[in-house]
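If you want the building blocks of each chain, they are given just below.
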Amino acid sequence: MRRFIFLLLPVIAGCKVGPIPDPNDPDMAGANRIEVLQRNLGWAYSALQERVNKGEISVADQHRLIRLKADKLLENVDPRRLRPQDAWRFGDVFRTAQRWEDARKAYEVAVSTAQSEDRRVNDNLRLAQCLAKLGRIDEAISRARSAFKTPPAERAPILPAVLYEVVPAAQGKGNDGKLARLLEEAMREHQTTQIDVNSQAGRAFLTAFPHHLLLGWKKVLELYRSAGQRGQEAAARKRAMIAFPNGFSEPVRV
């Protein structure tokens, strides 16, 4: 299964008519500016996806080019002067551009002014990835754990973000044993997530549920091994063997 990509960009459907607005236009301000920026990035992503589909460029080329496009669109954006309500959206674009320090600043604003639990959880997890990319591993782990303190209905993003974003950004920097423990905690949170099985999101969660856990256990063993913690690796292997193939604790259904 393809690795989850969480730097998702909006894909704008329909025809592209007329000139593309410039988000760096000094007359472009506030919410309108971020909307135009995201729309332009969405158009670029769609065009590049079409080229991937035709075999003209690789997926790696697509990611590189969309990163360059995001960086160009952000050239006159000051992360210290964002409207709080727009901070997480700018953070997402900074993250696409791999401007990790600027993304960190934007997400810190977003976390401190989050208007919903969903935003608080997601923005803390994205901030954790930025901190890991910047080499601030202990802070990244602490920030990720802060997202765990949330009601069961808000826990769905935790394991995918930790497994596919935070851990890869932090791995190999001297803290792999700590990352293994963080990942095991994230898996426990995943197993207590409350979902609505009648919703599309709930059904998607159930479909992906065993896959994330299987990859999670494999990564836990890898992390303990790379940390030289053989005893912890052996103990985790026993826990993994209990979990598979028939040992899942089912998520809470509503």
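Being a predicted model, the structure only gives us computed values, none of them experimental.

Engineer: It is not clear to me how unusual backbone geometry should be interpreted in this structure. Could you clarify?
Structural biologist: Positive phi is not limited to glycine here, since Gln 98 has a value of about 60°. Residue classification places Gln 98 among the partly exposed residues on the basis of a relative accessible area of 44%.

Engineer: Help me understand the pattern of salt bridges in this model?
Structural biologist: Oppositely charged side chains can form a pair if their charged atoms are brought close together. Under the definition given, this model contains 23 salt bridges. Note that Asp 92 and Arg 126 form a salt bridge whose closest N and O atoms lie 3.0 Å from each other. Of the two residues, Asp 92 is situated in helix α3 (residues 87-96) and Arg 126 in helix α5 (residues 117-133); the sequence distance between them amounts to 34 residues. A relative accessible area of 17% means that Arg 126 is categorised as buried. Among the salt bridges present, the one from Arg 225 reaches Glu 233, with a minimum N-O distance of 3.0 Å.

Engineer: Explain the packing of aromatic side chains here, please?
Structural biologist: Describing an aromatic ring pair means giving the distance of the ring centres and the angle of the ring planes. Scanning the model with the defined rule gives one aromatic pair in all. Ring geometry for Phe 205 versus Phe 209: centroids 5.9 Å apart, planes at 45°, classification tilted. Pair noted here: Phe 205 and Phe 209 are both in helix α9 (residues 200-226), with a separation of four residues, about one helical turn.

Engineer: I tried to follow the side chain of Glu 184 on my own but got confused; where do I start?
Structural biologist: If you trace the backbone, Glu 184 turns up in helix α8 (residues 176-191). The class for Glu 184 is buried, based on a relative accessible area of 7%. Within the structure, the side chain of Glu 184 is placed 3.4 Å from the side chain of Tyr 224, a separation counted as a polar contact. Ignoring anything within four residues of it in the chain, the contact list for Glu 184 reads Trp 217, Val 220, Tyr 224, Ala 236 and Arg 239.

Engineer: Just checking my understanding: could you explain the confidence of the model for the protein chain for this structure?
Structural biologist: Caution is warranted with low-pLDDT regions, since their predicted coordinates should not be read in detail. Residues at a pLDDT of 70 or more form 84% of the protein chain, whose mean pLDDT is 87. In the model, residues 23-30 has pLDDT below 50 throughout and makes 17 contacts with residues more than four positions away in sequence or in other chains.

Engineer: It is not clear to me how the nonpolar core should be interpreted in this structure. Could you clarify?
Structural biologist: One broad trend across soluble globular proteins is that nonpolar side chains are buried collectively. Formed by 63 residues in total, the largest nonpolar core has its most connected members in Leu 74, Phe 90, Val 162 and Val 220. Take this core: its biggest share by element is 10 residues, from helix α7 (residues 158-170). Discounting residues that sit within four places of it in the chain, Leu 74 has contacts with Leu 37, Phe 90, Val 93, Phe 94, Ala 97 and Arg 99.

Engineer: Even after reading the chapter, I still don't get the packing of helix α6 (residues 137-148) against α8, so can you show me in this structure?
Structural biologist: Two quantities define a packed helix pair, namely the angle between the axes and the distance from one axis to the other. Contact geometry for α6 and α8: axes closest at 11 Å, N-to-C directions at 10°. Overall, the two elements α6 and α8 adopt an arrangement that is roughly parallel. Judged by residue contacts, Asp 138, Ile 141, Ala 144, Arg 145 and Phe 148 of α6 engage Lys 178, Leu 179, Arg 181, Leu 182, Glu 185, Ala 186 and Glu 189 from α8. Broken down by class, the residue content of the contact of α6 with α8 amounts to six nonpolar, no polar and six charged.

Engineer: Mind showing me how you'd approach the packing of helix α4 (residues 100-112) against α5 here?
Structural biologist: Where α4 meets α5, the axes come as close as 9 Å, and the angle between the chain directions of the two elements is 150°. In terms of axis orientation, α4 runs roughly antiparallel to α5. The interaxial crossing formed by α4 with α5 has left-handed handedness. From α4, Trp 100, Ala 103, Arg 104, Tyr 107, Glu 108, Ala 110 and Val 111 reach across to α5, where they touch Asp 123, Asn 124, Arg 126, Leu 127, Gln 129, Cys 130, Leu 131 and Lys 133. Split by residue class, the contact of α4 with α5 holds eight nonpolar, two polar and five charged.

Engineer: Looking at this structure, I do not really get the environment of Gly 42. What am I missing?
Structural biologist: By secondary structure assignment, the location of Gly 42 is in helix α1 (residues 30-53). Overall, Gly 42 belongs to the buried group, its relative accessible area being 0%. Taking the C-alpha atoms as reference points, Gly 42 and Ile 66, 24 residues apart in sequence, are found 9.4 Å from one another.

Engineer: What is the right way to read the environment of Leu 215 from this model?
Structural biologist: Positionally, Leu 215 belongs in helix α9. Judged by its relative accessible area of 28%, Leu 215 is partly exposed. Between the C-alpha atoms of Leu 215 and Tyr 164, which are 51 residues apart in sequence, the distance is 9.8 Å. In this view, Leu 215 contacts Leu 163 and Tyr 164; residues no more than four positions away in its chain are not counted.

Engineer: What is the right way to look at helix α10 (residues 230-243) in this model?
Structural biologist: An ideal rise of 1.5 Å per residue puts 20 Å on 14 residues; α10 measures up with 20 Å between its terminal C-alpha atoms. Those residues of α10 that fall on the buried side of the exposure criterion are Glu 233, Ala 236, Ala 240 and Ala 243. Down the axis of α10, the buried side of the element spans an arc of 70°, and every buried residue falls inside it. The exposed set on the far side of α10, more than 90 degrees from its buried face, consists of Gly 231, Lys 238, Met 241 and Ile 242. Contact partners of the buried residues in α10: α8 and α9.

The rules behind each value
Residues numbered from 1 in each chain as written. Predicted model: local features only at pLDDT ≥ 70, side-chain atom pairs only at ≥ 80, totals over all residues. Heavy atoms only, no water. Buried < 20%, exposed > 50% of the residue type's maximum accessible area, 1.4 Å probe, protein only. Salt bridge = Lys/Arg side-chain N within 4 Å of Asp/Glu carboxyl O. Helix = DSSP H or I, 4+ residues; strand = E, 2+ residues; numbered from the N terminus. Phe/Tyr/Trp six-rings, centres within 6.5 Å; stacked < 30°, edge-to-face > 60°. Polar contact = N/O pair within 3.5 Å; in protein donor to acceptor, adjacent residues only side chain to side chain. Contact = heavy atoms within 4.5 Å. pLDDT = per-residue confidence, 0-100. Core = buried A, V, L, I, M, F, W, Y, C linked by side-chain atoms within 4.5 Å. Axes fitted to C-alpha atoms, helices over the stretch in contact; angles between N-to-C directions. Parallel < 35°, antiparallel > 145°, perpendicular 65-115°, else oblique. Nonpolar A, V, L, I, M, F, W, Y, C, P; charged D, E, K, R; others polar. Left-handed = near helix turned anticlockwise from the far one by under 90°. Expected span 1.5 Å × (residues − 1). Arc of directions from axis to C-beta.

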